[in-house]
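# What the coordinates show
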Amino acid sequence: MKISFPRMGYSYIAFKWLIENIGHECVVPPEPSKRTLDLGVRYAPEFACIPFKILLGTYLEVAEMGAELVITSGGVGPCRAGYYWVMHQNLLADLGVNLKVIGFEPPLHHIGDFWNKLKLVWKTGGKSFKEFIRALHITWEKLKAIDDLEMLSFKVRPYEINRGETTRTLWKALEMIDQASTFQTIAEARNEGMLLLNSVSQDPSRDPLKVGIIGEIYVVLEPAANHYLQIMLGEAGVEIDRSIYITGYCGRNTIRTPDRELFALARPYLNEAPIGGHGTNSIGETVLYARRGFDGVIQLAPFACIPEVVAKSILPRVSRELDIPVLTFFIDEQTGKAGIQTRIEAFIDLLQKRRERRRMQAGELAG
């Protein structure tokens, strides 16, 4: 069977390996492009958010490439994302596209449904259950290695002397993860990739600003959706800390319950049950970044994303009480890279002047 999946950051490297090693042919989704978004905008409801539109465009593209099945995630709670795969399936059927979509619901909430869909994918591949479990385990190790490398790149990039060297090195490291196929070779590729990143020419005398990235998972993790904002920040001399990675997200939704600590941090500002999506997390993570002494926070959210709209309405109070600047980007098909870059430059300038003022005041008090 020819299987594809949504593209979200660099996770496609691991998912490609999984599909190919459980007995199926993988149709690797192309990086979201203008054509991808144009297709999604053309056929999606106008009120749908940008992740919905990009995913629909991606499914139409992989259908053209011969995909027969798309595997994606579902969801629980008030966020509309849990229904996306159903709506995508209906839209594809209306368009006469012969592509089946399967959405895996979080097993902690729908264990029976999760198991039945897992068996469908496993058994049609012709692999034994033991081989299937081993493939899942290796895929998980690939995902962890990918996250570790990307995390390190965020720390190295603001110190790089030659612009773009960190990004080019990261791609080399990811290619090594792509080629690895055993636990040992994945560990070796990860370690070699970390060495390569640490060997990037750096200026240790720099004192970069530290900015936390929060928001909705898709626009945070997919560089094409946020116009490569995280690379843009790093090359502007800002060290970022991203609040969410694919392994952390999967761990919270398949292995253990949601992060109670973040909910507790958000509770003084949002004394309600989780509001869906990553809205509650966005508030709790901003509190956490303030406590860790970060210079600022950037919230990334799809336009009209209700959980992030709720979070956005509360973040000014968090910002004021904890003295941490917050910049919000609501992203849709009209968002352009130039506009993001202009706002980023202004935000960096604000944070830099704020840091200088605070250090001057601290020096005067010490004197």
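The notes below deal with the structure included here.

How each quantity is defined
Residues numbered from 1 in each chain as written. Predicted model: local features only at pLDDT ≥ 70, side-chain atom pairs only at ≥ 80, totals over all residues. Heavy atoms only, no water. Pairing = 2+ DSSP bridges. Helix = DSSP H or I, 4+ residues; strand = E, 2+ residues; numbered from the N terminus. Axes fitted to C-alpha atoms, helices over the stretch in contact; angles between N-to-C directions. Contact = heavy atoms within 4.5 Å. Patch = residues over 30% accessible without salt bridge, like charges linked within 9 Å, V, L, I, M, F, W, Y side chains within 5 Å. Areas by Shrake-Rupley, 256 points an atom, 1.4 Å probe, with all protein chains shown as cover. Salt bridge = Lys/Arg side-chain N within 4 Å of Asp/Glu carboxyl O. Buried < 20%, exposed > 50% of the residue type's maximum accessible area, 1.4 Å probe, protein only. Core = buried A, V, L, I, M, F, W, Y, C linked by side-chain atoms within 4.5 Å. Phe/Tyr/Trp six-rings, centres within 6.5 Å; stacked < 30°, edge-to-face > 60°. Lys NZ or Arg CZ within 6 Å of the ring centre and 35° of its normal.

## Points about the sheet that holds strand β6 (residues 238-242)
Ordered by their spatial adjacency, four strands build an open sheet running β6-β5-β7-β8, and the pairing between neighbours is parallel. What marks the edges here is a single partner per strand, and that holds for β6 and β8 (326-331). Between one strand and the next, the sheet's axes are offset by a mean angle of 25 degrees, whatever the strand orientation. Against the sheet, helix α14 (residues 306-322) makes contact with β5 (209-215), β7 (296-302) and β8, and its axis sits at roughly 165 degrees relative to β8, the strand it touches most.

## Brief notes about a nonpolar patch on the surface
Residues W115, F129, I133 and L136 make up a contiguous nonpolar surface patch of about 330 Å² in total accessible area. Relative to the elements of secondary structure, L136 occurs in helix α6 (residues 129-156).

## Considerations on the pattern of salt bridges
For the structure shown, the criterion picks out 19 salt bridges. Put simply, R35 and E61 hold a salt bridge, and the shortest N to O gap is 3.4 Å. You can see R35 sitting in helix α2 (residues 34-43) and its partner E61 sitting in helix α3 (residues 50-64), a full 26 residues away along the chain. Residue R35 is classed as partly exposed on the basis of its relative accessible area of 40%. Taking the shortest distance from any N to any O, the salt bridge between E141 and K144 comes out at 3.2 Å. Taken together, the residues span about one helical turn, with E141 and K144 both in helix α6 at a distance of three residues. The network of salt bridges with common partners includes D207, D295, R355 and R359.

## A look at the pairing of strand β3 (residues 69-73)
Where strand β1 (residues 2-4) meets β3, two bridges bridge the pair, whose relative direction is parallel. Along β3, the bridge assignment pairs S4 with V70. In this structure, β3 lies alongside strand β4 (residues 100-104), joined through five bridges in parallel fashion. Within the sheet, the bridge partner assigned to S73 lies in β4 and is F104.

## Quick notes on helix α1 (residues 12-20)
Among the nine residues that make up α1, seven are buried, leaving the element largely enclosed by the rest of the structure. Residues of α1 that are buried: Y12, I13, A14, K16, W17, L18 and I19. Where α1 is buried, its residues contact β1, β2 (25-26), α6 and α7 (165-179).

## A short note on the nonpolar core
Counting 89 residues, the largest nonpolar core has I213, L233, I298, L300, F329 and I344 as the members making the most contacts within it. No other element matches α6, which puts ten residues into this core. Excluding its chain neighbours within four sequence positions, the residues that come into contact with L300 are I213, I214, G215, E216, V219, V220, N226, L229, Q230, F329 and I331.

## Considerations on the side chain of T58
Relative to the assigned elements, T58 resides in helix α3. Given the relative accessible area of 1%, T58 is considered buried. Discounting chain neighbours no more than four positions away, the residues touching T58 are F5, P29 and T36.

## A short note on the side chain of S153
The residue S153 is located in helix α6 in this model. In contact with S153, not counting residues within four places along its chain, are T166, L170 and L197.

## Here's the deal with the sheet that holds β4
Taken in spatial order, the four strands line up as β2-β1-β3-β4 in an open sheet, and their pairing is parallel. Looking at the sheet topology across the chains shown, the edges are occupied by β2 and β4.

## A short note on the packing of aromatic side chains
In the structure shown here, the tally under the stated rule is four aromatic pairs. A centroid spacing of 5.0 Å and a plane angle of 85 degrees characterise the contact between F52 and Y84, whose relative ring orientation is edge-to-face. Within this pair, whereas F52 is found in helix α3, its partner Y84 is found in helix α4 (residues 84-94), the two being separated by 32 residues in sequence. A relative accessible area of 0% means that F52 is categorised as buried. Centre to centre, the rings of Y289 and F294 are 4.8 Å apart; their planes meet at 55 degrees, and the pair counts as tilted. Both residues of the pair, Y289 and F294, belong to the buried class. Across from the ring centre of Y12, 3.8 Å away, lies the NZ or CZ of R7, which sits over that ring.

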